[in-house]
Amino acid sequence: QVQLVESGGGLVQAGGALRLSCAASGRTFSNYAMGWFRQAPGKEREFVAGISGSGGDTDYRDSVKGRFTISRDNAKNTVYLEMTSLKPEDSAVYYCAAAPTFWLRYYSDTANYNAWGQGTQVTVSP
């Protein structure tokens, strides 16, 4: 099972940008579809973005389309989430997750993932 460690969170003003990273270890990274999820206080964990093992297929929740970009570097065993035009409602703990399959029909389904990172806090001030 792959192990995941997120980094890159922090405090940013509305309209700003952050890049989250998720470093993976333990297995062949390119065999895993990856996802980013977030959870705000008092709310359920929600899907943000997903990417296939090759990086050729991506998916986003509607509210982040055009602002967030998911990508991966399989040589570095790392998946990224580039976030721009951040809004206060983007504030949450962001988690990366790994699914033991090359591609997912539904990246948003948490049941597809068998490994999760510890999370990194993103706070967007008004």
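Numbering of residues begins from 1 in every chain and follows the order in which that chain's sequence is written. Whole-chain, interface and lining totals are the exception, using all residues; otherwise, since this is a predicted model, local features are given only for residues with pLDDT of at least 70 and side-chain atom pairs are given and counted only at 80 or more. The side-chain quantities take in all heavy atoms of the structure and omit both hydrogens and water.

Asker: Give me the lowdown on the sheet that holds strand 1 (residues 3-7), citing residues and values where you can.
Answerer: Sheet architecture is open: 4 strands sit in the order 1-3-8-7, paired in antiparallel fashion. On the outer flanks of this sheet lie strand 1 and strand 7 (68-73), each paired with one strand and no other. The sheet shows a mean angle of 15° between the axes of neighbouring strands, taken without regard to direction. One bridge is not enough; two strands pair if DSSP finds at least two bridges between them. Put simply, DSSP H or I for four residues or longer makes a helix, DSSP E for two residues or longer makes a strand, and each gets a number counted from the N terminus. Taken together, the 5 bridges between strand 1 and strand 3 (residues 18-25) define a ladder with antiparallel strand orientation. Bridge pairing links Val-5 to Ala-23 in strand 3. Lines fitted to C-alpha atoms define the axes here, with helix axes fitted over just the stretch in contact, and angles between the N-to-C directions of these axes take values from 0 to 180 degrees.

Asker: Outline the pairing of strand 5 (residues 46-51), supporting the account with residue identities and numerical values.
Answerer: Whether a residue is buried, partly exposed or exposed follows from its accessible area with a 1.4 Å probe, protein chains only, as a fraction of its type maximum: under 20%, in between, or over 50%, in that order. Counting buried positions along strand 5 gives 5 out of 6 residues, so the element sits mostly inside the fold. Summarising the sheet, strand 4 (residues 33-39) and strand 5 pair through 5 bridges and their orientation is antiparallel. Considered in strand 5, the bridge of Met-34 is made with Ile-51. Where strand 4 folds back on strand 5, the antiparallel hairpin that results is connected by 6 residues, among which Gly-42 adopts a positive phi of roughly 75°. Where strand 5 lies against strand 6 (residues 58-60), 3 bridges are found, and the strand directions are antiparallel. Across the sheet, Gly-50 pairs through a bridge with Asp-59, a residue of strand 6. Linkage of strand 5 to strand 6, two consecutive antiparallel strands, is achieved through a turn of 6 residues, within which Gly-55 is found at a positive phi near 90°.

Just geometry here; none of it tells us what the structure is for.
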